[in-house]
Amino acid sequence: EDLLRDWAPWIALLLAAKFGLGWLYRAAQYRASSLTKLTLRDTIYQHALRLGPAVLDKKRTGELVNIAVDGTRVTRILLAHYGIATPLVLCVFIGAIDWVTGLAVLLSVPLTPVFLGMMARNFRASSRRYAEVSNEQSAQFLDSIQGMATLKMFNLGRARGREMHAASEVQRTETMRLLLVNQGMILFVDFGFALGTTLVLAVVALLRMQAGALTPGEVVALVLASAEFAKPLTLIGQFFFAGAIGREFAKKIGAFLDEVPAVTDPAASGATDAGEAAPLLHRPTLALRRLAYRHAGAERPAADDVTLDLRPGETVALVGPSGSGKTTLTSLILRTVAPEGGEIRLDDVSVADRPAAWVRRHVALVPQDPYLFHGTIAENLRVARADATDAGLVAACRAANLMPTIEKMPAGLDTVVGERGASLSGGQVQRLAIARALLKDAPIVVLDEPTSQIDVETEAVIQEAIALLSRDRAVLLIAHRLSTIERADRIVVMNRGRVVESGTHAELLGRGGLYARMHGIAAPPTLRAAAAGALA
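Residues numbered from 1 in each chain as written. Predicted model: local features only at pLDDT ≥ 70, side-chain atom pairs only at ≥ 80, totals over all residues. Heavy atoms only, no water.

This part takes up the overall build of the chain. Looking only at helices and strands, the chain features 22 helices and 10 strands. Counting every position in the chain, which comprises 536 residues, the buried fraction comes to 42%. Surface summary for the chain: the accessible area is close to 28,300 Å², and the carbon and sulfur share equals 61%. (Helix = DSSP H or I, 4+ residues; strand = E, 2+ residues; numbered from the N terminus. Buried < 20%, exposed > 50% of the residue type's maximum accessible area, 1.4 Å probe, protein only. Areas by Shrake-Rupley, 256 points an atom, 1.4 Å probe, with all protein chains shown as cover.)

Written out as structure tokens, the structure reads:
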């Protein structure tokens, strides 16, 4: 009774310490795993930024999303639950009481992870197939949602559904196979290693007590310690399933992070963030000198010895057959890919010596198919300038002939455009893209087929906006419509990656070269007659 009263405060203190330390351990464990997941996703996104569209456009978006979301989740579980520190600490505690018993326990510590590691090798193929099917399902589901209109139009909805069901069945089979292995591991570890370790320790401790090396109290302490010793070992079997999948996703994350960017910033360039880069050059001349570039696996270069100057206040139209290298030239200017030969300069500055973000600050792009994020009109405009005021947004929209349309919308600039601008017409999307370019106020503007997907009436409105956007800026205009090309100060004709002609509209028609042949095929009879007269 006196003994219990004397030891009661210490027992209470030990119990409180056990619960407190257990809580701290679990809190630290999950905090560390959550930070790991967050860091992994940030790392994946930052690396995706470095890779850019030149690399990412060759991958399936759904697979990348699955790696970044589901992959980081299961990797977090793997990192959160696997550890062997607690058994090692307990081995030291047991060894401090009796070195013989401690040595016996220490020898058994590696057996569980070694055994499970041997078993894991037999099921790597299954976990790899699970990860591959999971990525494929995510990509296929995203494709189906984005292409729903096409599936409905061609009555392929049910067929695609059967394909997805078959993929789900494969994933279910692989999941059940891994779960079967997992349950076997739990059974083996719980009744083999955990129970066996406790039994062996108890037998050794009792034998040592009979030999007079241990007291009954020390034996009880050792048996209690063995129970704590077995708990972490059972977790290894319990989370074998998560670990098998987590390892495969960790490999996929590692493979993605090993991807090499198409463009790398110079090592001595300093800050690469667009906001931290050096000030803009004032109305620079864009000079392309003997540029060469070949896509991987292509038979011929996409750009072959291309030389071109784009001066402030000048509009240059870039034309040519499909595959002539126009888009590649745009990618080279925007630094989404780097030339294999030649040089690009802004005034006397080689862009290879500056961060890509600094180069892109000089260029505003109006693409053929502008991408709008899910959000409001104002949010999509502020992609160009985050600190733009509402008055600045209104001015840009008014200059792009978009403000009359916005004023008719109940929410005005706060109108939600939907995913990829689904709630806007094609002409409205193009005008919003022009307003965004105006808001950026870059000295060089690239217009990539800005009127190719709109009607003639809308084209006239957009042409007015383009004329304002082009004022006092160097403009590279990629277009096929004659009404757009004729406005250019100079027309550059490309074919098979090379510049084959350059001049004004009238000069090129008079030469009777590729430009004249292109418009002789596509132009109306009156224009063909004018071209024939010019050639005569």
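Still more ground to cover, so stick around.
Strands sit in the order E2-E1-E4-E5 across an open sheet of four strands; the sheet is antiparallel. The sheet is open, and its two edges are formed by strand E2 (303-310) and strand E5 (349-350), each paired on a single side. (Pairing = 2+ DSSP bridges.)

With that settled, the discussion passes to the nonpolar core. Judged by nonpolar contacts, the single largest core of 47 residues is most densely connected at Leu381, Ile434 and Ile491. Per element, the largest residue contribution to this core is eight residues, and it comes from helix H17 (residues 426-440). Excluding residues that lie within four positions of it along the chain, Ile491 makes contacts with Ala317, Val319, Ile485, Glu501, Ser502, Gly503, Thr504, His505, Leu508 and Tyr515. (Core = buried A, V, L, I, M, F, W, Y, C linked by side-chain atoms within 4.5 Å. Contact = heavy atoms within 4.5 Å.)

Counting across every chain of the model gives one aromatic pair. Ring centres 5.2 Å apart and planes at 70° place the aromatic pair Tyr371 and Phe373 in the edge-to-face group. Owing to a relative accessible area of 41%, Tyr371 belongs among the partly exposed residues under this scheme. What makes Phe373 partly exposed here is its relative accessible area of 45%. Here Arg354 stacks its cationic end above the ring of Trp358, 4.5 Å away from the centre of that ring. (Phe/Tyr/Trp six-rings, centres within 6.5 Å; stacked < 30°, edge-to-face > 60°. Lys NZ or Arg CZ within 6 Å of the ring centre and 35° of its normal.)

Moving on: the pattern of salt bridges. Counted according to the given criterion, the structure contains 12 salt bridges. Among the ionic pairs, Glu314 bridges to Arg311, the shortest N-O distance being 3.6 Å. Across the pair Glu407 and Arg398 runs a salt bridge whose closest N-O atoms are separated by 3.4 Å. (Salt bridge = Lys/Arg side-chain N within 4 Å of Asp/Glu carboxyl O.)

Below, the discussion takes up empty space enclosed by the protein. Within this structure, the stated rule accounts for one cavity of 30 Å³ or more. What the largest cavity holds in volume is close to 30 Å³. In terms of lining residues, the largest cavity is bounded by Ile377, Leu402, Ile406, Met409, Leu424, Gln428 and Leu432. Grouping the constituent residues of the lining of the largest cavity by class yields six nonpolar, one polar and no charged. (1 Å grid on protein atoms, 1.4 Å probe; cavity = no way out; pocket = protein on both sides within 12 Å on 5 of 7 lines; lining within 4 Å. Points joined across faces, edges and corners; volume = space filled by probe spheres on them. Nonpolar A, V, L, I, M, F, W, Y, C, P; charged D, E, K, R; others polar.)

Below, the discussion takes up the environment of Asp258. As for its position among the elements, Asp258 is in the loop between helix H11 (240-257) and strand E1 (286-293). The exposure class assigned to Asp258 is exposed, which follows from its relative accessible area of 62%. Sequence separation of Asp258 and His47 is 211 residues, and the distance between their C-alpha atoms is 9.2 Å.

Further remarks concern helix H12 (residues 326-333). Counted residue by residue, H12 has six buried out of eight residues, so it is predominantly covered. Looking only at H12, the buried set comprises Lys326, Thr328, Leu329, Thr330, Leu332 and Ile333. Just beyond H12, the residue with positive phi is Arg335, at close to 65°.

Mapping Arg490 onto the fold places it in strand E9 (residues 490-495). Note on Arg490: relative accessible area 17%, which makes it buried.

Examined against the element boundaries, Leu447 turns out to sit in strand E7 (residues 444-448). For Leu447, a relative accessible area of 1% gives the class buried. In the structure, Leu447 is positioned 31 residues away from Ile478 in sequence and 6.0 Å away in space, judged by C-alpha atoms. Discounting chain neighbours no more than four positions away, the residues touching Leu447 are Val366, Ile466, Leu469, Ser470, Val475, Leu476, Leu477 and Ile478.

Turning to the packing of helix H15 (residues 390-399) against H17, a few remarks are in order. Running from N to C, H15 and H17 point in directions that differ by 125°, and their axes come no closer than 8 Å. Here H15 lies oblique to H17, going by the angle between them. When you trace H15 past H17, the crossing you get is right-handed. Residues Gly392, Leu393, Ala396, Cys397 and Ala399 of H15 lie in contact with H17, whose contacting residues are Ala435, Leu438 and Leu439. Residue composition of the contact of H15 with H17, by class: seven nonpolar, one polar and no charged. (Axes fitted to C-alpha atoms, helices over the stretch in contact; angles between N-to-C directions. Parallel < 35°, antiparallel > 145°, perpendicular 65-115°, else oblique. Left-handed = near helix turned anticlockwise from the far one by under 90°.)

Note that every value here comes from positions in space, so none of it alone points to a role or purpose.
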